Amino acid sequence: RPLPAISLPEEPPQLGKRTVVKEMAVSQAHLSISFRTVTLTHPHLYPLDVLAYILANGDSSRLVRRIQEEQQLVYAIHASSYTPAYAGGTLAVWAGLDPDQVSAAAEAILQELYRLRDELVSPQELAKAKKQKIADYVFERQTVEQRAQGLGVDMLGTYDPHFSATYVQNIQHVTAEDIREVARLYLREETLVQAVVRPKSDTPPGLT
């Protein structure tokens, strides 16, 4: 029998920066910096995904090299452009760090993100991110079971069983100008959400 249609309410537009700090039983601080982006079938999906790889995919990526290795503000840092089939996506950066470094790390990460609004990424960074995307696609489809799962996920999410193959093709067409454009559109303070989980202390929760 046909399944009933499920309609999820659309989240209202975000009108300003949001910040939350929670104290929990953790040994280090955890920082999340995220921005709202697009739906799964939006054409800006591709430059956003490449942007995330340039930021923090591998030891030579921007945030790993500059924030973790050179400035030593975090223990580990990751970035992702997450786009579910049922709602708008999120470009996010996560870091594990010393509680005393939260403010400095957040400021440094945002500086790196906002640089993308003004400066074009290098041809080397762009080419590397595209190769990484292709490698991930091939690696995830090495068995018949993985290929079948990919077809099913594509069909359920986009009604196109070949969406992933088209996705990889569109990734190859991304330009440095495309990345700068999406950075200007989506990396804005009014759509920023900053969350911190830090160890419990006797002082009131704050970003410092």
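Preceding this section is the structure that the text describes.
Here the residue numbers are simple positions, counted from 1 along each chain's written sequence. Totals for whole chains, interfaces and linings use every residue, but because this is a predicted model, local features are given only for residues with pLDDT of at least 70 and side-chain atom pairs only at 80 or more, for both listing and counting. Remark: hydrogens and water are excluded; side-chain values derive from all non-hydrogen atoms of the structure.

**Remarks on the sheet that holds strand S1 (residues 18–24)**
So, point 1. A pair of strands is considered paired only if DSSP assigns at least 2 bridges between the two. For the purposes of this entry, the term helix denotes a DSSP run of H or I that reaches at least four residues, the term strand denotes a run of E that reaches at least two, and both are numbered from the N terminus. The five strands are arranged S1-S5-S2-S4-S3 in an open sheet whose pairing can be described as mixed. Every interior strand has two partners, whereas the edge strands, S1 and strand S3 (76–82), have only one. Neighbour-to-neighbour, the strand axes of this sheet turn through a mean angle of 10°, independent of strand direction.
So, point 2. Strand direction decides the pairing type here: S1 and strand S5 (residues 192–199), joined by seven bridges, are parallel. Its bridge partner being in S5, Val20 is matched across the sheet by Ala195. Here, axes are lines fitted to C-alpha atoms. For helices the fit covers the stretch in contact, and angles between N-to-C directions go from 0 to 180 degrees.

**Quick look at the side chain of Lys133**
So, point 1. When you line up the elements, Lys133 lands in helix H4 (residues 123–139).
So, point 2. With no salt bridge to any partner, buried Lys133 finds its closest opposite charge in Asp49, at an N-O distance of 4.1 Å.
So, point 3. Distance and chemistry together define a polar contact, namely a pair of N or O atoms within 3.5 Å, with one atom able to donate a hydrogen and the other to accept it when in protein, and with adjacent residues in sequence counting only for side-chain atoms on both sides. At 3.0 Å, the side chain of Lys133 forms a polar contact with the side chain of Tyr167.
So, point 4. Should any heavy atoms of two residues lie within 4.5 Å, those residues are counted as being in contact. Once residues lying within four places of it in the same chain are set aside, the contact partners of Lys133 are Asp49, Tyr53, Tyr167 and Ile171. Summary of the burial criterion: residues with accessible area below 20% of their type's maximum are buried, those above 50% are exposed, and those between are partly exposed, where the area comes from a 1.4 Å probe applied to protein chains only. We count Lys and Arg on the positive side and Asp and Glu on the negative side, and we leave His and both chain ends out. Any carboxyl oxygen of Asp or Glu within 4 Å of a side-chain nitrogen of Lys or Arg constitutes a salt bridge here.

**Notes on the packing of helix H1 (residues 45–56) against helix H7 (residues 176–186)**
So, point 1. Contact pair H1 / H7: the axes reach a minimum separation of 9 Å and the direction vectors enclose 95°. If you check the angle between H1 and H7, you find them roughly perpendicular. For the pair H1 and H7, contact is made by Pro47, Leu48, Val50, Leu51 and Ile54 and by Asp178, Ile179, Val182, Ala183 and Tyr186, respectively.
So, point 2. Under this grouping Gly is polar, as are all residues other than the nonpolar Ala, Val, Leu, Ile, Met, Phe, Trp, Tyr, Cys and Pro and the charged Asp, Glu, Lys and Arg. Here the residues of the contact of H1 with H7 are counted per class, giving nine nonpolar, no polar and one charged. An angle counts as roughly parallel when it lies under 35 degrees, as roughly antiparallel when it exceeds 145, as roughly perpendicular when it falls between 65 and 115, and as oblique in every other case.

**Let's talk about the environment of Arg115**
So, point 1. Among the secondary structure elements, Arg115 is positioned in helix H3 (residues 102–115).
So, point 2. Sequence-wise, Arg115 and His44 are 71 residues apart; in three dimensions their C-alpha atoms are separated by 19 Å.
So, point 3. Here Glu112 takes part through its side chain, which lies 3.1 Å from a polar atom of the side chain of Arg115.

**Here's the deal with the environment of Lys131**
So, point 1. Within the secondary structure, Lys131 sits in helix H4.
So, point 2. Considering only alpha carbons, one finds Lys131 and Pro43, 88 residues apart in sequence, at a separation of 20 Å.

**A short note on the pattern of salt bridges**
So, point 1. Taken as a whole and judged by the stated rule, the model has seven salt bridges.
So, point 2. Across the pair Glu112 and Arg66 runs a salt bridge, and its minimum N-O distance is 2.7 Å. Of the two residues, Glu112 sits in helix H3 while Arg66 sits in helix H2 (residues 62–70), which places them 46 residues apart along the sequence. Each of the two residues, Glu112 as well as Arg66, counts as buried.
So, point 3. Where Glu119 meets Arg115, a salt bridge forms, and the shortest distance between an N and an O atom there is 2.9 Å.
So, point 4. Overall, Glu119 belongs to the partly exposed group, its relative accessible area being 38%.
So, point 5. Connected via shared salt-bridge partners are Arg66, Glu112, Arg115 and Glu119.

**As for the nonpolar core**
So, point 1. Core analysis: the largest hydrophobic core is formed by 53 residues, its most contacted members being Ile33, Ile77 and Leu113.
So, point 2. Top element by residues in this core is H1. It accounts for 10 residues.
So, point 3. Other than its neighbours up to four places away in sequence, Leu113 contacts Ile33, Phe35, Leu55, Val93 and Leu187. The criterion is simple. A nonpolar core is a set of buried Ala, Val, Leu, Ile, Met, Phe, Trp, Tyr and Cys residues joined through side-chain atoms within 4.5 Å.

**Regarding unusual backbone geometry**
So, point 1. The phi dihedral of Gln72 is positive, around 55°, even though this residue is not glycine.
So, point 2. Assignment of secondary structure puts Gln72 in the loop between H2 and S3.
So, point 3. You can call Gln72 exposed: its relative accessible area is 58%.

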